[in-house]
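Descriptive structure summary
Listed below are the residues making up each chain.
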Amino acid sequence: MTADKTISKDSIKDLYSESKHRIRLILAMLGRYEPEKINPLPDEKSFATISNLINSIMSAAQFESENQYRNAIVDISNWMNCAFNVEYLTKNESLYPNPLYAVRKGGEILHSFLHRDLRRKQFSSEEDEIYRNYLSLIASLPDPRNKKLAQDDVDGMIDDLLKTS
């Protein structure tokens, strides 16, 4: 199955249903976390399982057409995927909120967004507030995603390369 093939609403519904089960597993494996405490990392096997489950959720959303929910699901799962690595979590464990708390909170929001009627393409005002609050929450943490270089930096690197060649 590729992203450029048309996929039926029933198929997307099935993919999202599987994703909801994966989210439930993630939430159960993570347990409860506090935003202001250093939370223990899951054991190595659980860590690998959770990471794989997050990846599968992110890939399921690629088959839905562009809309607020799909974009939010991709954005949240991408952040969770990038943040859910030992180096990032241990380096930032003393920050507020604790990154594991932010990962778990993202899972809760994903679960909610995956439960919607697929005919809905735009957030309700409550969902919009929930999503914005989550974006604010993760904005207070270092961004674990790869950053794009500023155009000035790219131009400078190209100039340097041209001068040396």
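Scroll up to find the structure.
Residues numbered from 1 in each chain as written. Predicted model: local features only at pLDDT ≥ 70, side-chain atom pairs only at ≥ 80, totals over all residues. Heavy atoms only, no water.

Below, the discussion takes up the nonpolar core. By size, the foremost hydrophobic cluster in this structure holds 40 residues, and its most contacted members are W79, F84 and F113. Mapped by element, the contributors of at least two residues to this core are α1 (9-30), α2 (44-60), α3 (68-83), α4 (86-91), α5 (99-114) and α6 (125-139). Those residues in contact with W79 that sit more than four places away from it in its chain are Y88, P99, A102, V103, Y134, I138, L141, D143, P144 and R145. (Core = buried A, V, L, I, M, F, W, Y, C linked by side-chain atoms within 4.5 Å. Buried < 20%, exposed > 50% of the residue type's maximum accessible area, 1.4 Å probe, protein only. Helix = DSSP H or I, 4+ residues; strand = E, 2+ residues; numbered from the N terminus. Contact = heavy atoms within 4.5 Å.)

This part covers unusual backbone geometry. Among all residues save glycine, negative phi is the norm, and among peptide bonds the norm is trans. A cis amide bond links Y96 to the next residue, P97, at an omega of -5 degrees. Relative to the assigned elements, P97 resides in the loop between α4 and α5.

Where α5 meets α6, the closest approach of the two axes is 11 Å, and the angle between their N-to-C directions is 160 degrees. Considering the angle they form, α5 stands roughly antiparallel to α6. Along this stretch, α5 crosses α6, giving a crossing that reads as left-handed. Residue-level inspection shows Y101, A102, K105, G106, I109 and F113 of α5 in contact with α6, the latter providing E127, I130, Y131, Y134, L137 and I138. For the contact of α5 with α6, the per-class residue count stands at nine nonpolar, one polar and two charged. (Axes fitted to C-alpha atoms, helices over the stretch in contact; angles between N-to-C directions. Parallel < 35°, antiparallel > 145°, perpendicular 65-115°, else oblique. Left-handed = near helix turned anticlockwise from the far one by under 90°. Nonpolar A, V, L, I, M, F, W, Y, C, P; charged D, E, K, R; others polar.)

A few words now on the pattern of salt bridges. If you walk through the whole model with that rule in mind, you get nine salt bridges. D75 is paired through a salt bridge with R145; the nearest N and O atoms lie 3.1 Å apart. Of this pair, D75 sits in helix α3 while R145 sits in the loop between α6 and α7 (151-164), placing them 70 residues apart in sequence. Residue classification places D75 among the partly exposed residues on the basis of a relative accessible area of 22%. For D143, the salt bridge goes to R145, with nearest N and O atoms at 2.9 Å. If you follow the salt bridges from partner to partner, you end up with R32, R104, K105 and E108 in one network. (Salt bridge = Lys/Arg side-chain N within 4 Å of Asp/Glu carboxyl O.)

Below, the discussion takes up the side chain of R104. Along the chain, R104 falls in helix α5. Polar side-chain contacts of R104 include one of 2.3 Å to the backbone oxygen of G31. (Polar contact = N/O pair within 3.5 Å; in protein donor to acceptor, adjacent residues only side chain to side chain.)

Here we come to α6. The end-to-end C-alpha distance of α6, which contains 15 residues, comes to 21 Å, matching closely the 21 Å that a straight helix rising 1.5 Å per residue would cover. All of the buried residues along α6 are E127, Y131, Y134, L137 and I138. Take α6 and look down its axis: the buried residues cluster within an arc of 120 degrees, on one side only. More than 90 degrees from the buried face of α6, the exposed residues found are S125, R132, S136 and A139. As for α6, its buried residues are in contact with α3 and α5. (Expected span 1.5 Å × (residues − 1). Arc of directions from axis to C-beta.)

All right, on to α5 then. Taking 1.5 Å of rise per residue, the 16 residues of α5 would be expected to cover 22 Å, and the 22 Å separating its terminal C-alpha atoms lies within 8% of that figure. Here α5 has its buried residues at P99, L100, A102, V103, R104, G106, G107, I109, L110, H111, F113 and L114. Residue N98 occupies the N-cap position of α5, its side-chain oxygen lying 2.8 Å from the main-chain nitrogen of L100.

The next point concerns the packing of α3 against α6. Viewed as axis vectors pointing N to C, α3 and α6 meet at an angle of 25 degrees, and their least axial separation amounts to 12 Å. One way to sum up the angle between α3 and α6 is to call them roughly parallel. At the point where α3 passes α6, the crossing takes the left-handed sense. Residue-level inspection shows Y69, A72, D75, I76, W79 and M80 of α3 in contact with α6, the latter providing E127, Y131, Y134, L135 and I138. Residue classes in the contact of α3 with α6 are distributed as nine nonpolar, no polar and two charged.

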